[in-house]
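# Survey of secondary and tertiary structure
The primary structure of each chain is shown beneath.
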Amino acid sequence: MKKAPIQKITAKAGAKASGKATSKAAAKTAVKTTPAAGIIYSIAAADLAGHMFKVTLTVKSPAAIGQVFALPAWIPGSYMIREFSRNIVSIRAESDGKAVALTKLDKHSWQAAPCKGSLTVEYDVYAWDLSVRAAHLDQNHGFFNGTSVFLRVLGQEAEPHEVHIVQPKDAACKTWKVATTLPELKAKRYGFGSYQAANYDELIDHPVEMGDFALATFTAHGVPHDIVVTGKVPNLDLDRLCRDLKAICETQIAFFEPKTKKAPMDRYVFMTMAVGDGYGGLEHRASTALICARADLPTTASNSTEIGDGYLKFLGLCSHEYFHTWNVKRIKPAAFAPYNLQAESYSPLLWLFEGFTSYYDDLMLVRAGLIDEAAYFKLLGKTVNSVLRGSGRTKQSVADSSFDAWGKYYRQDENAPNAIVSYYTKGSLIALAFDLTIRAKTNGEKSLDDVMQALWQRYGRDFYKGKGEGKGRGVTPAEVEALFDEIAGTRMKPFFERYIRGTDDVPLARLLAPFGVKYSDARKAEKASLDVNLGRDGNDAKLAQVHQGGAAHVAGLSAGDVLVAIDGLRVTGNPANLDTLLGRYAVGAKVAIHAFRRDELMTFAAVLQGDRVPGVSLALLPAPKKATGPKRPSAA
């Protein structure tokens, strides 16, 4: 079947597609400009019901030996090979109206035959991944990360890039707007049309949301911040979101730049997809893509000023991703400067970039005045319990967990609690331990805050700028350790050996005591337990995880087994049912357990053990009449 010629994209063509701005401020186009782009993309929502984006890429000066194109295999911030090229449904190329052969080099790459003049490649991308990592398109909205849709022109990544975001022709899309922090070229703020990027790295670091989204704007230390919410959220309280996020953003900006209070970006966007049940975020240099349960967002139907658990979780997520604006988007590990987008980029430092960000995300909620210390210590206690729950923490260090993120942390299975440790959660406890240790050793003169600010000044502030020793350079593990020695005024190698390169538990009880915080672990050792995590298989109880050394493991049960009965009494999918059944027995009692493994009924004899679930709680001790010693990190 004969195909229509590929439509060539020019700078002139993009001028016709600009959308309407929604306010006077939005009507201003970006002052920033780049030289005329030699690499021009057009992306159109070609088939809403079929979830298909059509992308056209024009290269004005292709390589003489035949231009090579590649789609990234992963997206920065999510350490797993995702092979986005599998979503390219069809691809073809032409030059001067004539077809150009494309040869596939590997699963990510194509090479065009040599041609004279400009080269145009057209391809269709299937977009049906409702997450923050890839691309999604239907009748309600469109969303994409550049790593999922924009082929990289090998050898020309440093050249200016231009993108035309085309308004869908479907009648349902007449009122759609565009949210992105890509600098506008001829498009107006929130409008369809042409956008620009200084290079490929900048192009893929600004996700795009299009649709009839809710929109609000606030200013934090002079920088406009947009909140974009996609999805139906009745009575969404945007005013409260603006107030609370403004407090978080201003606190973090002042944290890294206490004197100037200057943010590292000219504009920021919180892109949020509200769904029935979901949670996650992905950081970018001037925005974040978030997904959350709509029930977690604040509502105007309530006059309560209290922060519920769901909304607190959402604010913590926003705080986490916003902190990444500095820590990992500009302060980077050396392995990410630059990114190798076609293969794994290994670093033993994710405990710093994700773990420390996890430490500061909740701490910033306290410092912003959104929660008090009691609420903060409740969150901290949950983190401690989650770390102590798994025996994997005794087998894998956070340095190894960081390095192995590609093959272990992002590919967790039912044995994960017994095999790995999270560089997020244990990394956050290590950050707390560093903070307390430095404060104690320097009598409060220094803290972990000084370490983060030094990292920012030396490696982050000038990362994307054309000057300074930190331009484009990441930090090495040796430099990180040396910086801790410098700030603490003592050698911190023993700390690194035990808690970062080693697997020792962080001694929080001892470290917190001088700061007036009581550490308690009230485990219910008298409660009979199988030591498992339950899932559901319809109305049945399915073992999701079996903890090593627990009663179920010793008896021979495995993850995936479906419990049928204990001593002849049925086990249901309601977790309370199992607790009720076991509550009839004392620790040390023997019970007969019937369970299906696949389609075979098996019988196990189990000796019930005491519950091993950690019960750590943290509480402030009565304050002395006269304050002594350094302040707590969470103190006002």
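A few points on the structure. Please read these numbers as outputs of a predicted model, since none were measured by experiment.

The rules we used
Residues numbered from 1 in each chain as written. Predicted model: local features only at pLDDT ≥ 70, side-chain atom pairs only at ≥ 80, totals over all residues. Heavy atoms only, no water. Helix = DSSP H or I, 4+ residues; strand = E, 2+ residues; numbered from the N terminus. Buried < 20%, exposed > 50% of the residue type's maximum accessible area, 1.4 Å probe, protein only. Axes fitted to C-alpha atoms, helices over the stretch in contact; angles between N-to-C directions. Parallel < 35°, antiparallel > 145°, perpendicular 65-115°, else oblique. Left-handed = near helix turned anticlockwise from the far one by under 90°. Contact = heavy atoms within 4.5 Å. Nonpolar A, V, L, I, M, F, W, Y, C, P; charged D, E, K, R; others polar. Pairing = 2+ DSSP bridges. 1 Å grid on protein atoms, 1.4 Å probe; cavity = no way out; pocket = protein on both sides within 12 Å on 5 of 7 lines; lining within 4 Å. Points joined across faces, edges and corners; volume = space filled by probe spheres on them.

For the rest of this paragraph, the subject is the environment of Arg 510. In this structure, Arg 510 sits in helix H14 (residues 508-512). Look at Arg 510 and you get exposed, because its relative accessible area is 55%. The spacing of Arg 510 and Thr 394 is 116 residues in sequence and 20 Å in space, taken between C-alpha atoms.

Bringing the packing of helix H7 (residues 373-389) against helix H10 (residues 425-441) into the picture now. Remark: H7 packs on H10, axes separated minimally by 9 Å, with the N-to-C direction vectors making an angle of 125 degrees. What the angle tells us is that H7 and H10 run oblique. You can see that H7 and H10 cross each other, and the crossing is left-handed. In this structure, H7 contributes Leu 380, Thr 383, Val 384, Ser 386 and Val 387 to the contact, and H10 contributes Thr 425, Lys 426, Ser 428, Leu 429 and Leu 432. When grouped by side-chain class, the residues that make up the contact of H7 with H10 number five nonpolar, four polar and one charged.

This brings us to the packing of helix H11 (residues 448-460) against helix H12 (residues 477-488). Viewed as axis vectors pointing N to C, H11 and H12 meet at an angle of 130 degrees, and their least axial separation amounts to 10 Å. It follows that H11 is oblique to H12 by the angle criterion. Here H11 and H12 pass one another in a crossing that is right-handed. Taken together, the residues of H12 that come into contact with H11 (itself represented by Leu 448, Asp 450, Val 451, Ala 454, Leu 455, Arg 458 and Tyr 459) are Glu 479, Leu 483, Phe 484, Glu 486 and Ile 487. Per-class residue counts for the contact of H11 with H12 are eight nonpolar, no polar and four charged.

Time to look at the sheet that holds strand S3 (residues 68-70). Taking strand neighbours across the sheet as the criterion, the four strands line up as S6-S7-S3-S11 in an open arrangement whose pairing is antiparallel. Each of the sheet's edge strands pairs with one partner strand only, and the pair in question is strand S6 (102-104) and strand S11 (152-153). Looking at chain direction, S3 and S11 are connected through two bridges and run antiparallel. Of the residues in S11, the one forming a bridge with Phe 69 is Val 153.

Let us look at empty space enclosed by the protein. Empty space left among the atoms is revealed by rolling a probe the size of a water molecule over them. Summed over the entire model, instances satisfying the criterion amount to three cavities of 30 Å³ or more. When its residues are assigned to classes, the lining of the largest cavity shows four nonpolar, two polar and four charged. Every residue lining the second largest cavity is listed: Tyr 376, Phe 377, Leu 380, Leu 432, Leu 436, Leu 512, Phe 515, Val 517, Arg 632, Pro 633 and Ser 634. Of all the elements in the fold, those that place two or more residues in the lining of the second largest cavity are H7 and H10. When residues of the lining of the second largest cavity are assigned to their parent elements, the largest contribution, three residues, is made by H7. Counted by class, the lining of the second largest cavity contains nine nonpolar, one polar and one charged residues.

Time to look at unusual backbone geometry. The omega angle of the peptide bond from Ala 337 to Pro 338 is 5 degrees, so this bond is cis rather than trans. Structurally, the position occupied by Pro 338 is in the loop between helix H5 (309-323) and helix H6 (350-367). The backbone phi angle of Asn 443 is positive, close to 55 degrees, even though this residue is not glycine. Here Asn 443 lies in the loop between H10 and H11. Note on Asn 443: relative accessible area 56%, which makes it exposed.

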